[in-house]
Amino acid sequence: MARRELGKYKQANEDLDLFINGGGDRLLAAQARELLSKYPVEDINLSPSTTPDPTDHLANEVHAIGLKEGDPFTIRESNTQRGCCALATKKIRRGDLILSEKPVVIVGTGKPQLAIQAELRGLSPTHLNSFLHLSNGHADCSCFLAGQRAIGIYSTNSFALTDDQGGIGLTASRFNHSCSPNARFSFNPTNGQLRIFALSDIPVGEEICVAYLSSRRLYGQTRQHRQGILRSRYHFTCSCSVCSLPKAEMILSDSRRVKVNELWDKVPMFPPNQTIQRLNTIVQAINLLEEEGYAADYDDFTNDAALICAYHSDYESSKYWAKLTYETRVAEFGEDSPRAAEADSGLVRRKEF
Ligand SMILES: [Zn+2]
Ligand SMILES: [Zn+2]
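Residues numbered from 1 in each chain as written. Chains lettered and ligands numbered in written order. Predicted model: local features only at pLDDT ≥ 70, side-chain atom pairs only at ≥ 80, totals over all residues. Heavy atoms only, no water.

Caption draft 1: Main features of the overall build of the protein chain. Across its full length, the protein chain holds 13 helices and nine strands. For the protein chain, long-range pairs separated by at least 24 residues make up 65% of all intrachain contacts whose partners lie at least 6 apart in sequence. Summed over all atoms, the accessible surface of the protein chain reaches about 17,300 Å², with 52% contributed by carbon and sulfur. (Helix = DSSP H or I, 4+ residues; strand = E, 2+ residues; numbered from the N terminus. Contact = heavy atoms within 4.5 Å. Areas by Shrake-Rupley, 256 points an atom, 1.4 Å probe, with all protein chains shown as cover.)

Caption draft 2: Structural context of the side chain of R257. Tracing the sequence through the fold places R257 in helix 9 (residues 247–266). Residue R257 is classed as buried on the basis of its relative accessible area of 1%. The contacts of R257, once residues within four sequence positions are left out, are C179, S180, L218, Y219, G220, Q221, R226, V242, E292 and Y294. (Buried < 20%, exposed > 50% of the residue type's maximum accessible area, 1.4 Å probe, protein only.)

Caption draft 3: Representation of helix 4 (residues 112–121) in the model. Here helix 4 has its buried residues at I116, Q117 and L120. What you see down the axis of helix 4 is that its buried residues fit within an arc of 95°, all on one side. (Arc of directions from axis to C-beta.)

Caption draft 4: Structural view of the side chain of T281. Position of T281 relative to the elements: it lies in helix 10 (residues 275–291). Here Q277 takes part through its backbone oxygen, which lies 2.7 Å from a polar atom of the side chain of T281. Not counting residues within four places of it along the chain, the set of residues in contact with T281 comprises L263, V267 and F270. (Polar contact = N/O pair within 3.5 Å; in protein donor to acceptor, adjacent residues only side chain to side chain.)

Caption draft 5: Structural context of the environment of C85. Examined against the element boundaries, C85 turns out to sit in strand 2 (residues 84–88). Remark: the alpha-carbon pair of C85 and R174, spanning 89 residues in sequence, is separated by 6.4 Å.

Caption draft 6: Structural context of the pairing of strand 2. Judged by how many residues are buried, strand 2 sits mostly within the fold: four of five residues are covered. Two elements, strand 1 (residues 73–77) and strand 2, share five bridges in a ladder whose sense is antiparallel. Bridge pairing in strand 2 links T74 to L87. As defined by bridge partners, strand 2 adjoins strand 9 (residues 207–208) across two bridges and the pair is classed as antiparallel. Among the inter-strand pairings, L87 is bridged to a residue of strand 9, identified as E207. (Pairing = 2+ DSSP bridges.)

Here it is in structure tokens:
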């Protein structure tokens, strides 16, 4: 999560003081401090040819998160309460890979506390510094994570990598949330990379946002419901483009999303002799998502259409829907992703009938 105040850049040693004062593991902090003393923080990640300006907090920050030459985005201070944000620095097209990074602090979802501390012990000083600069949504709250800084940072910023593992993307965590995101993160277990793909064309200067909520919680819920989840889990009030719509448009947006959710539940309930109605319902859901300006997850519906057409031996239609499903997954998760492969093998399987 990107809600850090860039203007108050602190040195890593000060962060370690906070870490200890916040109840962090003293042994871990001492080890990190010893490592940091060997590598002055301002030298970390700076190429020898550049002379860092100690007053340029943003430059320090950017180096701390390791942006690479050629990345189509940068991290900038935002003029809203959202702290920093990712902005496109190049024209990005739907399906473009925006970021690919190896997640760190990978722990099981069961008992994270000790596992997180063990993982932090294994981080390089640069990565630990980066981790400690991520925002802690639980810093000023009274929930059970108050005073547990490392775990607060982890739970504020971690992504679900698999069903039973989460991890931190030191750069991915700087991307803000939107309820109509123009990018999506995913984890590819084959190459171990956490990636962000563009969901729509993004012009230079536009903020790149991902979703912190999964599909149906996002496209199938009202603003009040989405904000409730985001507030309880991350302690922030979403002010994305959808959540800040004027009242009349907000009512329309809410009713579209509630309708899509109803259609999702309705689709599998059609008996085999009502396949036309089922396909019409699928098309209606996709049209609503388009009207809503929501650019992801159409494959939730097109895949069902492919399967039901195959069930009725309408292979031409099935191929059409399966192709849409495959193309959606290639754009949103990458051609080499398990989800695209699954859709692709679905196509092959139906061709063999
Ligand atoms: Zn909290
Ligand atoms: Zn929102």
